[in-house]
Amino acid sequence: MMISDAMEDEEKWLAEGIAGIQHNAFYMHRALDANNLREALKYSAQLLSELRTSRLSPHKYYELYMRAFDELRKLEMFFKEEERHGCSVMDLYELVQHAGNILPRLYLLCTVGSVYIKSKEAPAKDVLKDLVEMCRGVQHPIRGLFLRSYLAQISRDKLPDIGSEYEGDGDTVMDAVEFVLQNFSEMNKLWVRMELQGPARVRDKMEKERNELRDLVGKNLHVLSQIEGIDLDLYKVTVLPRILEQVVNCKDELAQYYLMDCLIQVFPDEYHLQTLETLLGACPQLQPTVDIKTVLSQLMERLSSYAASSPEVLPEFLQVEAFAKLSTAIGKVIETQGDMPIVGAITLYVSLLTFTLRVHPDRLDYVDQVLGSCVKKLSNRPKLEDSRATKQVVALLSAPLEKYSDIVTSLTLSNYPRVMDHLDSGTNKIMAMVIIQSIMTNQACVSSADKVEVLFELIKGLIKDLEGDSEDELDEEDFNEEQNSVARVIHVLYNDDPEEMLKIICTVRKHIMTGGPKRLPFTVPPLVFSALKLIRRLQNQDGDVAGEEDPATPKKIFQLLNQMIEALSYVPAPELALRLYLQCAEAANDCDLEPVAYEFFTQAFVLYEEEIADSKAQVTAIHLIIGTLQRTNVFGVENRDTLTHKATGYSAKLLKKPDQCRAVYACSHLFWVDDQDGIKDGERVLLCLKRALRIANAAQQMANVARGSSGPVTLFVEILNKYLYYFEKGNPQITSAAIQGLIELIKTEMQSDTATPDRISDAFFDCTLRYIQFQKQKGGSMGEKFDTIKV
Amino acid sequence: MVLVLAIGDLHIPNRAPDLPAKFKSMLVPGKIQHIICTGNLCIKEVHDYLKSLCPSLHITRGEYDEDSRYPETKTITIGQFKLGLCHGHQVVPWGDLDSLAMLQRQLDVDILVSGHTHQFKAYKHEAGVVINPGSATSAYSSITYDVNPSFVLMDIDGLRVVVYVYELIDGEVKVDKIDFKKTSTPAI
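Residues numbered from 1 in each chain as written. Chains lettered and ligands numbered in written order. Predicted model: local features only at pLDDT ≥ 70, side-chain atom pairs only at ≥ 80, totals over all residues. Heavy atoms only, no water.

### Overview of the overall build of chain A
Item 1. Summing up its helical and strand segments, chain A has 39 helices and zero strands in all.
Item 2. Taking 2.2 N^0.38 as the reference for a compact globule, 791 residues should give roughly 28 Å; the C-alpha atoms of chain A span a radius of gyration of 46 Å, well beyond that estimate.
Item 3. The positive charge centre, built from 87 side chains, and the negative charge centre, built from 116, are 3 Å apart in chain A. (Helix = DSSP H or I, 4+ residues; strand = E, 2+ residues; numbered from the N terminus. Rg over C-alpha atoms; globule rule 2.2 N^0.38 Å. Lys, Arg positive; Asp, Glu negative; His and termini not counted. Charge placed at Lys NZ, Arg CZ, Asp CG, Glu CD.)

### Focus: the environment of Thr-756 of chain A
Item 1. Mapped onto the secondary structure, Thr-756 of chain A falls in the loop between α37 (736-751) and α38 (759-776).
Item 2. What Thr-756 of chain A contacts, discounting residues up to four positions off in sequence, is Ser-709, Ser-710, Gly-711 and Pro-712 of chain A. (Contact = heavy atoms within 4.5 Å.)

### Here's the deal with the layout of surface pockets
Item 1. Its volume calculated, the largest pocket comes out at about 1500 Å³.
Item 2. As for the largest pocket, its lining consists of 48 residues, and the residues nearest its centre are His-491 of chain A together with Arg-15, Ala-16, Pro-17 and Asp-18 of chain B.
Item 3. Where the lining of the largest pocket is concerned, the elements lending two or more residues are α23 (425-441), α26 (476-490) and α28 (520-539) of chain A together with α1 (21-26) and α2 (44-53) of chain B.
Item 4. Broken down by element, the residue count for the lining of the largest pocket peaks at six residues, all from α23 of chain A. (1 Å grid on protein atoms, 1.4 Å probe; cavity = no way out; pocket = protein on both sides within 12 Å on 5 of 7 lines; lining within 4 Å. Points joined across faces, edges and corners; volume = space filled by probe spheres on them.)

### Here we look at unusual backbone geometry
Excluding glycine, residues mostly have negative phi values, and the peptide bonds linking residues are mostly trans.
Residues and elements named next belong to chain B.
Item 1. The omega torsion across Ile-12 and Pro-13 is 0°, close enough to zero to call that bond cis.
Item 2. Backbone torsion omega between Val-92 and Pro-93 reads -5°, so that peptide bond is classified as cis.
Item 3. Residue position: Pro-93 is located in the loop between β5 (81-86) and α3 (97-107).
Item 4. The backbone phi angle of Asp-108 is positive, close to 55°, even though this residue is not glycine.
Item 5. Relative to the elements of secondary structure, Asp-108 occurs in the loop between α3 and β6 (111-114).
Item 6. Accessibility expressed as a relative area gives 22% for Asp-108, which makes it partly exposed.
Item 7. Backbone geometry places His-116, a non-glycine residue, at a positive phi of 75°.
Item 8. Residue classification places His-116 among the buried positions, given a relative accessible area of 8%. (Buried < 20%, exposed > 50% of the residue type's maximum accessible area, 1.4 Å probe, protein only.)

### Digging into the interface of chain B and chain A
Item 1. Contacts between the two partners involve 36 residues from chain B, matched on the other side by 51 residues from chain A.
Item 2. Here chain B meets chain A over a buried area of about 4000 Å², counting both sides, of which 56% is carbon and sulfur.
Item 3. Summed over the shared surface of chain B and chain A, the number is two salt bridges.
Item 4. Linking Glu-45 of chain B and Arg-488 of chain A is a salt bridge whose minimum nitrogen-to-oxygen distance equals 2.5 Å. (Buried area = accessible area lost by both parts, 1.4 Å probe. Salt bridge = Lys/Arg side-chain N within 4 Å of Asp/Glu carboxyl O.)

### Section: the pairing of strand β4 (residues 73-78) of chain B
Item 1. Both β4 of chain B and β5 of chain B contribute to a ladder of six bridges, which runs antiparallel. Bridging from a neighbouring strand, Thr-75 of chain B pairs with Gly-84 of chain B of β5 of chain B. (Pairing = 2+ DSSP bridges.)

### Here's the deal with the sheet that holds β4 of chain B
Hydrogen bonds between backbone atoms are what pair the strands of a sheet, whose relative direction is either parallel or antiparallel.
Residues and elements named next belong to chain B.
Item 1. With mixed pairing, five strands are arranged side by side in an open sheet as β4-β5-β6-β8-β7. Both outer strands of the open sheet, β4 and β7 (121-125), are each paired with one neighbouring strand and no more. Across the sheet, the mean angle from the axis of one strand to that of its neighbour is 20°, orientation sign disregarded.
Item 2. As paired strands, β7 and strand β8 (residues 128-132) are joined by five bridges and run antiparallel to one another. Residue His-125 lies in a different strand from β8, and its bridge partner there is Gly-128. (Axes fitted to C-alpha atoms, helices over the stretch in contact; angles between N-to-C directions.)

### Some points on helix α30 (residues 574-590) of chain A
Item 1. Compared with the 24 Å implied by 1.5 Å per residue over 17 residues, the 24 Å span of α30 of chain A between its first and last C-alpha is a close match.
Item 2. Residue Asp-592 of chain A follows α30 of chain A closely and has a positive phi angle near 65°. (Expected span 1.5 Å × (residues − 1).)

### Structural notes on empty space enclosed by the protein
Item 1. Evaluated as defined, the whole model comprises three cavities of 30 Å³ or more.
Item 2. Here the largest cavity is characterised by a volume of approximately 150 Å³.
Item 3. Together, 17 residues line the largest cavity, and Gln-583 of chain A together with Glu-63, Trp-94, His-116 and Ser-142 of chain B are the ones closest to its centre.
Item 4. Counting residues per element, the ones that place at least two in the lining of the largest cavity are α30 and α32 (615-631) of chain A.
Item 5. It is α30 of chain A that provides the largest number of residues to the lining of the largest cavity, a total of four residues.
Item 6. For the lining of the largest cavity, a count of residues per class yields five nonpolar, eight polar and four charged.
Item 7. In this structure, the second largest cavity occupies an estimated 50 Å³ of space. (Nonpolar A, V, L, I, M, F, W, Y, C, P; charged D, E, K, R; others polar.)

### Some remarks on a negative patch on the surface
Residue and element names in this part refer to chain A.
Item 1. On the surface, Glu-82, Glu-83, Asp-91, Glu-94 and Glu-121 cluster together into a negatively charged patch.
Item 2. When contributions to the negative patch are tallied by element, the ones reaching two or more residues are α4 (82-85) and α5 (89-95).
Item 3. Of note, Glu-121 is situated in the loop between α6 (102-119) and α7 (124-134). (Patch = residues over 30% accessible without salt bridge, like charges linked within 9 Å, V, L, I, M, F, W, Y side chains within 5 Å. Areas by Shrake-Rupley, 256 points an atom, 1.4 Å probe, with all protein chains shown as cover.)

### Things to note about the environment of Asn-562 of chain A
Residues and elements named next belong to chain A.
Item 1. Turning to its location among the elements, Asn-562 is positioned in helix α29 (residues 554-566).
Item 2. Spatially, the C-alpha atom of Asn-562 lies 48 Å from that of Asn-704, the residues being 142 residues apart in sequence.
Item 3. Here Gln-603 takes part through its side chain, which lies 3.1 Å from a polar atom of the side chain of Asn-562. (Polar contact = N/O pair within 3.5 Å; in protein donor to acceptor, adjacent residues only side chain to side chain.)

### Notes on the sheet that holds strand β2 (residues 34-37) of chain B
All names here are of chain B.
Item 1. An order of β3-β2-β1-β9-β10-β11 is seen for the six strands of this open sheet, with the pairing classed as mixed. One side of each edge strand has no neighbouring strand; the edge strands of this open sheet are β3 (57-59) and β11 (172-181). The sheet shows a mean angle of 20° between the axes of neighbouring strands, taken without regard to direction.
Item 2. Judged from the three bridges that link them, β2 and β3 form a sheet pairing that is parallel. The residue of β3 that forms the bridge with Cys-37 is Ile-59.
Item 3. Running at roughly 145° to β3, α2 makes contact with β1 (2-7), β2 and β3 of the sheet.

### Things to note about the pattern of salt bridges
Where charged atoms of side chains with opposite charge meet at close range, the side chains can pair.
Item 1. Considering all chains together, one arrives at 40 salt bridges over all chains under this definition.
Item 2. Of the charged contacts, one joins Asp-674 of chain A and Lys-729 of chain A as a salt bridge, the two residues approaching to 2.9 Å between their closest N and O atoms. Here Asp-674 of chain A, found in the loop between α34 (657-667) and α35 (682-707), pairs with Lys-729 of chain A, found in helix α36 (residues 714-729); they are 55 residues apart in sequence, far enough to count as distant.
Item 3. Given a relative accessible area of 43%, Asp-674 of chain A falls into the partly exposed group.
Item 4. Salt-bridge contacts for Asp-179 of chain B lead to Arg-160 of chain B; the nearest nitrogen and oxygen are separated by 2.6 Å. Placement of Asp-179 of chain B in strand β11 and of Arg-160 of chain B in strand β10 (residues 160-169) is noted, with a sequence separation of 19 residues between them.
Item 5. Overall, Arg-160 of chain B belongs to the partly exposed group, its relative accessible area being 34%.
Item 6. Several salt bridges converge on common partners, so that one network encompasses Arg-73, Glu-76 and Lys-118 of chain A.

### A word on helix α9 (residues 173-193) of chain A
Item 1. The end-to-end C-alpha distance of α9 of chain A, which contains 21 residues, comes to 30 Å, matching closely the 30 Å that a straight helix rising 1.5 Å per residue would cover.
Item 2. Judged by how many residues are buried, α9 of chain A sits mostly within the fold: 16 of 21 residues are covered.

### Concerning the confidence of the model for chain B
All names here are of chain B.
Item 1. Considering every residue of chain B, the mean pLDDT works out to 93; 97% of them sit at 70 or more.
Item 2. Mean pLDDT values for the elements of chain B range from 91 in β7 up to 97 in β2.
Item 3. The ipTM value of the predicted complex is 0.95, and its pTM value is 0.84. (pLDDT = per-residue confidence, 0-100.)

### Concerning the side chain of His-360 of chain A
Item 1. Looking at the secondary structure, you find His-360 of chain A in the loop between α18 (342-359) and α19 (364-378).
Item 2. Here His-360 of chain A is in contact with Phe-317, Leu-318, Phe-323, Phe-355 and Tyr-366 of chain A, once residues within four sequence places are set aside.

In structure tokens form, the structure reads like this:
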């Protein structure tokens, strides 16, 4: 209630003030038109008296001030035209000092002063010096600030700068500098005087008001930065020390923060680089509550951009030892501000790291040093719980990954894993994913076992259960994503040299074996295939590599593979293990290692017998076994017989008759390999096909009994196709008579009363007959063969 | 003009980390009308990726696929052509053209798309055309050594299909094309 009342009052007072100004302005204009100096002065003084109010907040006072400002411009023009009022500027300067109250007096004086300087009847420096001292007469903060701001505004283009028209014999840039510095100092003192005392509500209001006024003070620094005559030396020797002196001595938190920030913004980066020590030296002297880390971050940000935009200045950075100075300054700030929350310290390190990566990317020692400082700060503390601090640590760790596209560079930073250790397990995993993502995006490759070791240390949160892992919330999708990422990264661990590659594989194996049953199905397969690829590479090499004490051989790798796949039995994952055993069997076959291949087949069969009970899984598994066995040629007669016998045996024992039939005729291919030296046992092929036929018949009869109608003839057509296959290949046991018989059988079945019409089998049969026709029409030996078959 | 992408045997992440970057940049959504995939993706992520390229996605089951609900075979009609899809590990001997021809007759399709061997093949026989798009990631195969990443794009236009095979050889994408025309089937 009271506040809105106060606001209403303020509005009222402002309106009154504006009305007052307008009222007096009207008469002042009349006086100006009449060239009446006396009247003009009288009404302008009255107008300016409105600015004597102490009832307005800075925001509202500004509005009033601007009105007055506009009127003073008209007055100034009048003052300049001496012929209109007949008073010399010197006399004018004297005359206006007769104004009754000090504030209007000083505004008028400044206005005349502007004209005075322009007339060049007196040196600029003298006038300016006089004005800046006279303004001391107003000590009220708001009124004083706006008055001095007026002085700054009108003097801006009249400073005795180098190359300016006001640069006289005695006037040098030093005078301009002195003037501005003095105005600045006085304004800062006034500003700081607006003390934050009293109850909270009053303090908040005061702080808001102070903030509204800050640009008036900061403007002076801006003006300084625009003075052409200030070179690096002058800045170093005079300007900067004086500014810093004022900043430090005012002991005001608000002012210090704002002015440091302003200082960094307005002066060129080149200057900051060369005065780094002085600038940084001021930081510990500031009030302990000043948010110095933001200031420092700003500074580093600016310097980084400077380095990025002008690479030719990089040697300067090294010469002034920028990194060392910044690093030390940050250390000091963190030390002195003992109650700075951890997120503050880490944010500083992030800024420093960003700076280092942009300015000195080749100095990995610097990068590691920053990480090391962070580690020191984090030690002897419990794991981070503040989510903001955690975020900053992630930012810290991500920065090198983004900068260096080659992951190996980041892996050489000795302090990197130490920082990671301080993350809680959830964030640790996130960071591990970030690392893997970086590797995949940059298509990086890790090619030494040592570096692989470091990498797996870093991502250990994904590889195994760590203490501190929350037992319950294991989101399945997240988990799968994590493990799939690990699987992917295994493929980029590679070295051309087989020995080193084997070392890499062993290192990875060591780590993934600690993962437990949930992780193995994800991590074992990629490693298995990595090893198989290595074996393939070694296949072409012969014998031992001379000089190698422990050469990588396929045999050795197969032993490793065996152990790796065996680990899957703890999951358990029999179907996956069976597939992997078969892959190894085929690879062993290609390496001519009969016992090894046999061993792998044995393992596969054992799994089939003991672990795979699901009928659908059995069908796929047996086909995989048959398919693999069909391709192996390394076995001697005995071994081969044992394995094919097993395969056909299991085929016939599948649950559903159609599955049995198909598996059995698939087995026929075990006895016929189309290669030059391939086995071509026509009799056993026929045995298989006949067996398949018997099973198909039995299936039909069962269907008759169970459903009252026979099943589709598809199986018969499939077997017919197989007969045709071997007939073409020249298996003497397959006669055209047998084929003819089958064709008739199928036709009979299709036309029988109990037949279930099936469009698909019909089409299949038609296609097959078309095929036979096609072969007949081929002519030559094929045509002859098929000639005896009637369709 | 209907564009059909035939792709498969990616084996992500068991045998390969990802599709080659050059393929990824070529396969953009909205350009293809159908995707037929021989199988062995192997994870849902890859399924989702293919689905994002084209909503009409047909997949058959490979022996390493995470999702065991994909069918063993599938037939699709596109324009004048009947296409059949099957991973191929079910057809013994693996890669045997005559055995694949039998499958083609069984499915009664003009074009049979099948994989498993990771080797690109496209040829015509009495019953129609057999296409193997190879492995899009050149994943390890016990059957074929030294494969290049490859996939196939079919342009079906009336009775004609142009088969474009994209192969990544030494870091460059090379394209080859084969023309097939469908003739009317002779009656028996």
